[in-house]
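Observations on the model geometry
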Amino acid sequence: MRWRWCAGSVVHLLRCVLLRVCPRRRGCRLPVWMLKTEAYLKLLLHSLFYNILTDSDVVFDSVFEPLLWSVDYVTRWFGLVFVWMVVVLTTSILLVAYIVLLPNALRTYPTAWLVWHLCYGHWNLVMIVFHYYKAVKTAPGYPPSSGENDVPFVSVCKKCVIPKPARTHHCGICNRCILKMDHHCPWLNNCVGHLNHRYFFSFCVFMTLGCVYCSLNGRIRFLAAYKALERFKHLEMEKPGVPVTGMGPLIGLLPTGQVLTNHTQYFCLCSFTDSAFFVFVFKTDYVTPAPPYSFKEKIMDKSIIYMWVLTSTVAVVLGALTTWHALLISRGETSIERHTNAKEKSRMQKMGQVYKNPFNHGKLHNWKVFLGVEKRSHWVTRVLLPSAHSPLGDGLTWDSFPVKKEPIAV
Ligand SMILES: [Zn+2]
Ligand SMILES: [Zn+2]
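Residues numbered from 1 in each chain as written. Chains lettered and ligands numbered in written order. Predicted model: local features only at pLDDT ≥ 70, side-chain atom pairs only at ≥ 80, totals over all residues. Heavy atoms only, no water.

Another point: the overall build of the protein. Tallying secondary structure elements over the protein gives 12 helices and eight strands in all. Per-residue burial over the protein gives 34% buried out of 410 residues. Accessible surface, the protein as shown: approximately 25800 Å² in total, 67% of it carbon and sulfur. (Helix = DSSP H or I, 4+ residues; strand = E, 2+ residues; numbered from the N terminus. Buried < 20%, exposed > 50% of the residue type's maximum accessible area, 1.4 Å probe, protein only. Areas by Shrake-Rupley, 256 points an atom, 1.4 Å probe, with all protein chains shown as cover.)

In structure tokens:
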């Protein structure tokens, strides 16, 4: 209604402008061609803007549509870049683990401890690679085309112009409707939906576990490497014969032959010029030499620092994201449904009613449905080992509990 009023106002404004341009015709009937033009403009504006279902959301979407197109375009284009980033960064961590950490572990660890690390590390690695590959390569699941009318649907997609089953949403980046859509993941360059939601979540869990594992086990080596690099940096700064400006007033207070570091003694000569103090540091004949720090050791220490910083950061960020998704799965929600359910809950609360999520079957059963666990052994074969089983249900009908059709033998 607002748009109709708005379109009417624009036409009225045009009429006023025309009358102002032709003051002699004020109060007179307009010529036929003008009336035709007015009618045409009115129809044009109505056909462009008038919609009985128009509300603030539609207006907001329309105004920001160009911006969303650009975001979608960039995300689509950068999708492959993000996937390659995941592959390259994971490979770099593996190289550090195999080239720097493993030889040291083989030399120093007791056999039992070494066996545990080799078994856990490789199991975790296999789970990460398998779930990432499946999450990227598995299609999220699409609703059938409009020709197949026997599919129950709850609405029609305005962009694909096909019926949308429950929990289906349109992805602007993939430019098609996705069954039980959770979100579009740029790190997978794929939508997360009915068929690959489990692969996405398992990848997040095992990647977080892998990062926590690297971070915890590399902590002592990281601290040692960090200290060694810091020590080396100090020694570099205090090279013999190099003037240390700015610190003159401080270092100049030191008496000649003062011990500057724990490892090396240097001979200090303070000098004062017009502009500043200069401290010339000379290595004396009688001092003990600095501990050797070869280029190879430096590179290895830097690799360990890189590994620890990257894995710790990913562990925290991805861990938070994984926890959030775990909460949603426990509640039988997707990321999109979380918003719609919250909205519906507050709307019904105002009406004095209680909203119940129709896809929530209780925490344990939600997890069983999500992971495809139908019997007790599946917790091992389908959850703790790589498994390519299909999810329960077809992703089209959600009117009843999927497991009820095929009872779980626990
Ligand atoms: Zn669509
Ligand atoms: Zn998508």
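For a metal with four tetrahedral donors the ideal donor-metal-donor angle is 109.5 degrees, whereas six octahedral donors ideally subtend 90 or 180 degrees. Here the zinc ion (ligand 1) is held by the protein donor atoms Cys157 (SG), Cys160 (SG), His170 (ND1) and Cys177 (SG), which lie 2.0 to 2.3 Å from it. Around the zinc ion (ligand 1) sit four donor atoms; with metal-centred angles ranging over 98 to 130 degrees, the donor geometry is tetrahedral. Mapping the donors of the zinc ion (ligand 1) onto the primary sequence yields the spacing C-x2-C-x9-H-x6-C. With a gap of 20 residues between them, cysteine 157 in the loop between β1 (155-156) and β2 (163-164) and cysteine 177 in strand β4 (residues 176-178) connect regions that are remote in the sequence. (Donors = N, O, S within 2.8 Å, 3.2 Å for Na, K, Ca; no water. Tetrahedral: all angles 85-135°; square planar, octahedral: opposite > 155°, others 65-115°.)

This brings us to the packing of aromatic side chains. Taken as a whole and assessed by the stated rule, the structure comprises 13 aromatic pairs. An angle of 90 degrees between the planes, with centres 5.4 Å apart, marks the rings of tryptophan 123 and phenylalanine 206 as edge-to-face. Taken together, the positions of tryptophan 123 in helix α4 (residues 111-137) and phenylalanine 206 in helix α5 (residues 197-217) put the pair 83 residues apart, joining distant regions of the chain. When its relative accessible area of 27% is taken as the criterion, tryptophan 123 is described as partly exposed. Relative to tryptophan 367, the ring of phenylalanine 201 has its centre 5.6 Å away and its plane inclined at 55 degrees; by these criteria the two rings are tilted. Linking phenylalanine 201 in helix α5 with tryptophan 367 in helix α10 (residues 363-371), this pair joins segments that are 166 residues apart in sequence. (Phe/Tyr/Trp six-rings, centres within 6.5 Å; stacked < 30°, edge-to-face > 60°.)

Okay, the coordination of the zinc ion (ligand 2) next. Around the zinc ion (ligand 2), the protein supplies Cys171 (SG), Cys174 (SG), His184 (ND1) and Cys191 (SG) as donor atoms, at distances of 2.1 to 2.2 Å. The coordination sphere of the zinc ion (ligand 2) comprises four donor atoms, whose angles at the metal cover 101 to 118 degrees; the geometry is tetrahedral. Taken in chain order, the donor set of the zinc ion (ligand 2) reads C-x2-C-x9-H-x6-C. For the pair shown, histidine 184 and cysteine 191 are each scored as buried.

On to the nonpolar core. Core analysis: the largest hydrophobic core is formed by 18 residues, its most contacted members being Tyr132, Leu188, Phe200, Phe203 and Met207. The set of elements that each furnish at least two residues to this core consists of α3 (56-108), α4, α5 and α8 (295-330). Considering every element that reaches this core, the biggest residue donor is α5, with seven residues. Discounting residues that sit within four places of it in the chain, phenylalanine 200 has contacts with Ala135, His183, Cys185, Leu188, Val192 and His325. Counting residues in hydrophobic clusters, the runner-up holds 12 residues, among them Val100, Cys214, Leu229 and Met307. (Core = buried A, V, L, I, M, F, W, Y, C linked by side-chain atoms within 4.5 Å. Contact = heavy atoms within 4.5 Å.)

Okay, α10 next. In an α-helix, one full turn covers 3.6 residues, which means residues spaced three or four apart are oriented alike. For α10, the full list of buried residues reads Asn366, Trp367, Lys368, Val369, Phe370 and Leu371. The positive-phi residue at the C-terminal boundary of α10 is glycine 372, with phi of around 75 degrees.

When pLDDT is averaged across the protein, the result is 79; 74% of the residues are at 70 or more. A low-confidence stretch, residues 240-289 stays under pLDDT 50, and its non-local contacts, those more than four residues away or across chains, total 78 contacts. Overall, residues 403-410 carries pLDDT values under 50, and its contacts beyond four positions in sequence, including any with other chains, amount to 16 contacts. (pLDDT = per-residue confidence, 0-100.)

Within the chain, arginine 167 stands out as a residue other than glycine whose phi angle is a positive 70 degrees. With respect to the helices, strands and loops of the structure, arginine 167 is situated in the loop between β2 and β3 (169-171). Residue arginine 167 is classed as buried on the basis of its relative accessible area, which comes to 10%. Even without being a glycine, asparagine 175 presents a positive backbone phi close to 60 degrees. Position of asparagine 175 among the secondary structure elements: in the loop between β3 and β4. Relative accessible area serves as the criterion here: at 54%, asparagine 175 is assigned to the exposed category.

In this fold, cysteine 204 is placed in helix α5. Each C-alpha atom, one on cysteine 204 and one on alanine 315, is 9.9 Å from the other, the two residues being 111 residues apart in sequence. Discounting residues that sit within four places of it in the chain, cysteine 204 has contacts with Leu318 and Thr322.

The next thing to look at is the side chain of threonine 334. With respect to the helices and strands, threonine 334 occurs in the loop between α8 and α9 (335-350). In terms of polar contacts, threonine 334 uses its side chain to reach the backbone amide nitrogen of glutamate 337, at 3.1 Å. With near-sequence residues (within four places) excluded, threonine 334 lies in contact with Arg167, Lys180, Met181, Asp182 and Leu328. (Polar contact = N/O pair within 3.5 Å; in protein donor to acceptor, adjacent residues only side chain to side chain.)

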